[in-house]
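Chain residues, written in single-letter form:
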Amino acid sequence: MASSNLKSTNQTARQIFKILLTNTRIKVSWVKAHAGNISNKRADQPAKDAMQYGQPYSLTKLPKLHIKGFLRKSMLEQWQTSWKNSDTGRKIYNIMPSVNLRPTNWIRENVIFFSQHGPFPAYLKGSHLSDIDYCSCGGIGTAHHYATDCILTVSWRMRKPIPNFEQKWLKRVANNSSPYKEFVGSSNS
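Quick caveat: nothing in here was measured; it's all calculated off a predicted structure. Here, residues in each chain are numbered from 1, in the same order as that chain's written sequence. Per-residue local features are limited, in this predicted model, to residues with pLDDT of at least 70; the limit for side-chain atom pairs, both in listing and counting, is 80 or more; totals at the level of whole chains, interfaces and linings are taken over all residues. Side-chain measures here rest on the full set of heavy atoms in the structure, leaving out hydrogens and waters.

S.K.: Can you walk me through a nonpolar patch on the surface in this structure?
M.R.: To count toward a patch, a residue needs a relative accessible area over 30% and no salt bridge; like charges are then connected within 9 Å, while nonpolar side chains (Val, Leu, Ile, Met, Phe, Trp, Tyr) are connected within 5 Å. Accessible surface area values rest on a Shrake-Rupley calculation with a 1.4 Å probe, where residue burial reflects the displayed protein chains alone. For this document, the term salt bridge refers to a Lys or Arg side-chain nitrogen within 4 Å of an Asp or Glu carboxyl oxygen. Together, Leu62, Ile67, Phe70 and Leu71 give the surface a local cluster of nonpolar side chains, amounting to about 400 Å² of exposed area. In DSSP terms, a helix is any run of H or I states spanning at least four residues, a strand is any run of E spanning at least two, and both are numbered starting from the N terminus. Assignment of secondary structure puts Leu62 in the loop between α2 (38-53) and α3 (64-85). With a relative accessible area of 46%, Leu62 lands in the partly exposed category. For every residue, the accessible area obtained with a 1.4 Å probe (protein chains only) is divided by the maximum for its type, and the residue is called buried under 20%, exposed over 50%, and partly exposed between those limits.

Rendered as structure tokens:
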């Protein structure tokens, strides 16, 4: 690769080398051509378009902030489309339908509770790691069961939401708001 040759006189190669030296987070690696790598196909597309449609190559100087903003917006749009159309993560999607670059500040227990992926009999049975999905109290052992119903967890229990408002209740719990204001039933059963 010309950019890695310290003695190269090619001005573009020298600029690339300088950028790579100052930005250690950028990694360059060889990718086998025509191996079905979607990113490689995307990178080749502008060159193919230029050959097919005769678009001249131009080195347009754009401000770095403009490029970063454009890439961020494009990345977020692709991520949002993927998140919206995915089959996985639907329990979290129902709480957080929009992607965001800001961290949620969830601790491990929050992730386990909202995803319901953890040491719960129902999850273990669904993952074929156990034959039973019942809690010791006799109920179906889900995260929500332990949080709202189980007699073995009375001292940590939250009031159970009215079924029609469960998603709103979960969003309030996820945002550390009081889940009790509007969305709970009249009894604790």
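S.K.: Got a minute to help me understand unusual backbone geometry in this structure?
M.R.: Peptide bonds are mostly trans, and most non-glycine residues show a negative phi. Look at Gln116: it is not a glycine, yet its phi comes out positive at around 60°. Here Gln116 lies in the loop between α5 (108-115) and α6 (121-126). You can call Gln116 buried: its relative accessible area is 17%. Notably, His128 is not glycine yet its phi reads approximately 60°, a positive angle. Given the relative accessible area of 72%, His128 is considered exposed.

S.K.: Would you mind going over the confidence of the model for the chain with me for this structure?
M.R.: As a general rule, the predicted coordinates of low-pLDDT regions are not to be interpreted in detail. Every residue carries a pLDDT, the predictor's confidence in it, which falls somewhere between 0 and 100. Taken over all residues, the pLDDT of the chain has a mean of 79, while the share at 70 or more is 85%. In this description, contact between two residues means that some pair of their heavy atoms is separated by no more than 4.5 Å. This stretch, residues 178-189, has a pLDDT under 50; its non-local contacts, to residues over four places away or in other chains, come to 32 contacts.

S.K.: Please clarify how the packing of aromatic side chains should be interpreted in this entry.
M.R.: For any two aromatic rings, the description comes down to two numbers: the centre-to-centre distance and the angle of the planes. In this analysis, rings of Phe, Tyr and Trp, with Trp reduced to its six-membered ring, are considered paired at centre separations within 6.5 Å, and the interplanar angle assigns stacked below 30 degrees, edge-to-face beyond 60, and tilted for intermediate values. The full count for this structure, using the stated rule, is four aromatic pairs. An angle of 65° between the planes, with centres 5.6 Å apart, marks the rings of Trp83 and Tyr93 as edge-to-face. Separated by 10 residues along the polypeptide, Trp83 in helix α3 and Tyr93 in helix α4 (residues 90-95) bring together distant segments of the chain. In this pair, the class of Trp83 matches that of Tyr93, namely buried. Feature note: the residues Trp106, Phe113 and Phe114 constitute an aromatic cluster, connected by ring pairs. To sit over a ring, a charge needs its Lys NZ or Arg CZ within 6 Å of the ring centre and within 35 degrees of the ring normal. Lying over the aromatic face of Trp83, Arg90 brings its terminal NZ or CZ to 5.0 Å of the ring centre. One residue, Arg90, lies across the ring of Tyr93, its end atom 4.3 Å from the ring centre.

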